[in-house]
Amino acid sequence: MKTETRTAGARATAAKGFKPFVADQASVAEFTPKAIALGAFFAVLFGAATVYLALRAGVTVSASIPIAVLSIAVFKKFGSTILENNIVQTIGSAGESVAAGIVFTVTGFLFLSPGAGGENFFQYWPILMLALAGGFLGVLMMIPLRRALIVEEHGNLVYPEGTACAEVLVAGEKGGEMAKMVFGGLWAAMIYKAFNTVLGFFKEIPSYVTSRTSPFPNATVNCEIVPEYLGVGYIIGPKIAGIMVSGSILGWMALTPLLSMFVPEETLRQQLHSLSFSDQWIATHGVNEQFYRAYIRLIGAGAVAMAGLMSLARTLPTIWASFRNSVKSLGKGAGSTSTRRTERDIPINVVAIGSLVLAIAISFMRGLPTHFPSSLLLAVLIIIFGFFFVTVSSRIVGIIGTTSNPISGMTIATIMGTCMLFISVGWSGIAYQTAALVIGAIVSTAAANAGATSQDLKTGFLVGATPYRQQVGFIIGVFASAFAIGITLFLMHHSPFFGPIGSDKLPAPQGTLMATLIQGILGHKLQWGFVLVGAALAVSVQVMGISALAWAVGAYLPLSTTMPIFVGGAVRFIVEKLTGREESESEVSSGMLYSTGLVAGGSVAGVLIAGISMIEWDQHRQNLLTWIQDHSGHLADKQGRFADMIAVAAFCGLCYLLYKKARQRISGTAS
């Protein structure tokens, strides 16, 4: 007890004695039209990029630091204050968090049981409403927690990304130099994608597959050599990247050959038919791809589900402590009536009424199988799960950072808890699958956005921002990005080059997993054998002390996706060995900034390529992308047996460029 008292006293002293960069009494430009406009632009840009990356690789990266760097660079010619740049990154980062929560869940509507009505919700307006509701709830429910978590716990909760972002803003005079790294990666990625994907100068996926009659049948080694995956690998580091690729290696170089030895072709075809694959699809895809769709992906889904639950279970003590401590100090934080600029929040009555209205409005969405008054149960579940996981997410990111926030585990727990409650009140069967996923989508988006909101409020606390202006900025960022997220989602889904969602180019692993869980519990349509095999594999990996979630995501994704991520991690490993210093994801280093540019540039280029492929004529037989490729000579098709080597050489050149940039020194940071 005495120790707790001393610790609480130390935290209070740290919070009371802290002086922000901009004094409370200072009158500094902050919530200006130019800051709002640029922030909204970045919310749309990074929201679209996150949709692309989440659909393709099932991962996202934090956007606050690159947006802060870019804001400083853009405003350098016009003049700006540190608080204006903070508003830009606050508004802009909302796009990334909302997009992650939405893409990880709403894509599941496409994979629900026939007759569940999922296609009615996978439309622009329902997705827009879910994005707005989840995003707004994440902001509103976090507001009463701000003082408790950000101010009172200042000496305890680090909020690594928020603290690093504050350092970038304070060191704004170096913004031009840091921005050069981000822009350099962005332009390098876009030029590379233009030569690779648009002009077709070299092969996009070098690969080697053994024959069906080989002693090691259908073993596959391939790598999608795109800059965004390379950047992701550098950012997440060699350890996580290696764990991810090991999962894919098991699927494509161990399980696929093993299954090929014992599963007859007719049995494989029957399994694919049971999963709704057509004879036309089977005829146009290799046997290795068929085994992946028929068996490996089910095993991967079971692994991801179990890994998510284990991740949640491991953090349960932290989750419970976070919730208990946050609620304990909630009254004190919410009741603050200070008139100081740096302590003003959006009024608590606005928070309570807004949250309640949003939850009730969503429970009456058109197409849901529930009707008043039973539909109020949906509102209650949204409020309960939403507030619990918003509280957990807001605190836990202060300890482990946004990237390590177990959003997938929270969403899985929400969906499973919702399905169990549905069954207990007699709502079983496929008709209620959409209602369960609606709740999961809102809670996932709210938790993701609350984590990002907490990091940005920490940044604001350190630099001396006005909390209520930041909170209004979050709402603007949610509003701006929500419109772009739906458009990007449908652009990718209907793109002749990438789509549809669920194909090998857009696997959408989390969305598929959520649908699989709901079908298994409510629809009684799940091949439990393969799912349980995946769950057992995840447990065995976790028992060895390895991150089961990273491994399970790799087991679900194609090897072509995780291999370039592994290469990016290997580049960072080499850089760290030669410099003798390990980097952290929230660090402002040349390698991290350049990799962020690669991710942003590759993702934006991917969205633009999807848009180009949608420009069609001649009764949809020709589109602008194929027209450009036809007139560029299809060089990759003419390279014969050297095509793979040329493609690998081009990718090695990009890796060397990343290595060189990562070794460069930014003034004020270590090399």
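The written sequence of each chain sets the order in which its residues are numbered from 1. Side-chain atom pairs in this predicted model are given and counted only at pLDDT of 80 or more, local residue features only at pLDDT of at least 70, and totals for whole chains, interfaces and linings cover all residues. Each side-chain value is worked out from all heavy atoms of the structure, with water and hydrogens disregarded.

Caption draft 1: Highlighting the overall build of the protein. Every helix listed is a DSSP run of H or I at least four residues long, and every strand listed is a run of E at least two residues long, numbered separately from the N terminus. The number of helices and strands found in the protein is 27 helices and 4 strands. A burial count over the protein gives 59% of its 671 residues as buried. The criterion used for residue contact is that any of the two residues' heavy atoms lie within 4.5 Å. Contacts in the protein between residues at least 24 apart in sequence constitute 83% of all its contacts with a sequence separation of at least 6. Working note: accessible area of the protein is about 25500 Å², and carbon and sulfur atoms make up 66% of it. Exposure classes here rest on a 1.4 Å probe applied to the protein chains alone. A residue is buried below 20% of its type maximum, exposed above 50%, and partly exposed in between. Using the Shrake-Rupley algorithm and a 1.4 Å probe, accessible areas are obtained, with residue cover drawn only from the displayed protein chains.

Caption draft 2: Representation of empty space enclosed by the protein within the structure. Method remark: on a 1 Å grid restricted to protein atoms, a set of points is classed as a cavity if a 1.4 Å probe fits but cannot get out and as a pocket if it is open with protein on both sides within 12 Å along at least five of seven lines; lining residues have an atom within 4 Å of a point. Grid points are joined across faces, edges and corners, and a volume is the space filled by probe spheres set on the points. For the structure shown, the criterion picks out 5 cavities of 30 Å³ or more. In this structure, the second largest cavity encloses a volume near 100 Å³. Along the wall of the second largest cavity there are 13 residues; nearest its centre are Phe46, Ala49, Thr50, Val61 and Val599. Secondary structure elements with two or more residues in the lining of the second largest cavity: α2 (33-57) and α25 (590-613).

Caption draft 3: Structural context of the packing of helix α4 (residues 82-106) against helix α8 (residues 160-170). Axis definition: a line fit to C-alpha positions, over the contact stretch in the case of helices; interaxial angles, taken between N-to-C directions, run 0 to 180 degrees. Relative orientation of the contacting elements α4 and α8 amounts to 140°, with a least axis distance of 10 Å. Between α4 and α8, the crossing angle belongs to the class labelled oblique. In this structure, α4 meets α8 at a crossing whose hand is right-handed. Within the contact between the two elements, α4 uses Ile82, Asn85, Asn86 and Gln89 and α8 uses Cys165, Leu169 and Val170. Angular relationships are summarised with four words: roughly parallel below 35 degrees, roughly antiparallel beyond 145, roughly perpendicular across 65 to 115, and oblique for the angles in between. Two helices that cross are described as forming a left-handed crossing if the nearer one is turned anticlockwise from the farther one by less than a right angle, and a right-handed crossing if clockwise.

Caption draft 4: Looking closely at the nonpolar core. Judged by nonpolar contacts, the single largest core of 198 residues is most densely connected at Leu55, Phe109, Leu130, Phe422 and Leu489. A per-element tally of this core places helix α19 (residues 433-463) first, with 16 residues. Setting aside anything within four residues of it in sequence, one finds Phe109 in contact with Gly118, Glu119, Phe121, Phe122, Leu130, Thr434, Leu437 and Val438. In this text, buried Ala, Val, Leu, Ile, Met, Phe, Trp, Tyr and Cys residues form a nonpolar core when linked through side-chain atoms within 4.5 Å.

Caption draft 5: Seen up close, the pattern of salt bridges. Salt bridges are defined by distance alone: a side-chain nitrogen of Lys or Arg within 4 Å of a carboxyl oxygen of Asp or Glu. In the structure shown here, the tally under the stated rule is 10 salt bridges. Lys193 serves as the salt-bridge partner of Glu228, at 3.1 Å between the closest nitrogen and oxygen. Separated by 35 residues along the polypeptide, Glu228 in helix α10 (residues 227-262) and Lys193 in helix α9 (residues 175-198) bring together distant segments of the chain. On the basis of relative accessibility, which here comes to 0%, the residue Glu228 falls in the buried class. Residue Lys193 is classed as buried on the basis of its relative accessible area of 0%. A salt bridge links Asp644 to Lys203; the shortest N-O distance between them is 2.8 Å. Linking Asp644 in helix α27 (residues 643-663) with Lys203 in the loop between α9 and β1 (207-209), this pair joins segments that are 441 residues apart in sequence.

Caption draft 6: Region of the structure containing a nonpolar patch on the surface. Within the patch definition used here, like charges are joined within 9 Å and nonpolar side chains (Val, Leu, Ile, Met, Phe, Trp, Tyr) within 5 Å, considering only residues with over 30% relative accessible area and no salt bridge. On the surface, Phe183, Trp187, Ile191 and Phe195 cluster together into a nonpolar patch covering about 410 Å² of accessible area. By the element assignment, Trp187 lies in helix α9.

Caption draft 7: Quick look at helix α23 (residues 548-556). Across the 9 residues of α23, 8 count as buried, placing the element largely inside the fold. Those residues of α23 that fall on the buried side of the exposure criterion are Ala548, Ala550, Trp551, Ala552, Val553, Gly554, Ala555 and Tyr556.

Caption draft 8: Up close: the environment of Leu598. Tracing the backbone shows Leu598 in helix α25. Along the chain, Leu598 and Met181 lie 417 residues apart, while their C-alpha atoms are 9.9 Å from each other. In this structure Leu598 touches Gly185, Leu186, Ala189, Pro227, Glu228, Leu230, Gly231, Leu654 and Leu658, once residues within four positions along its chain are discounted.

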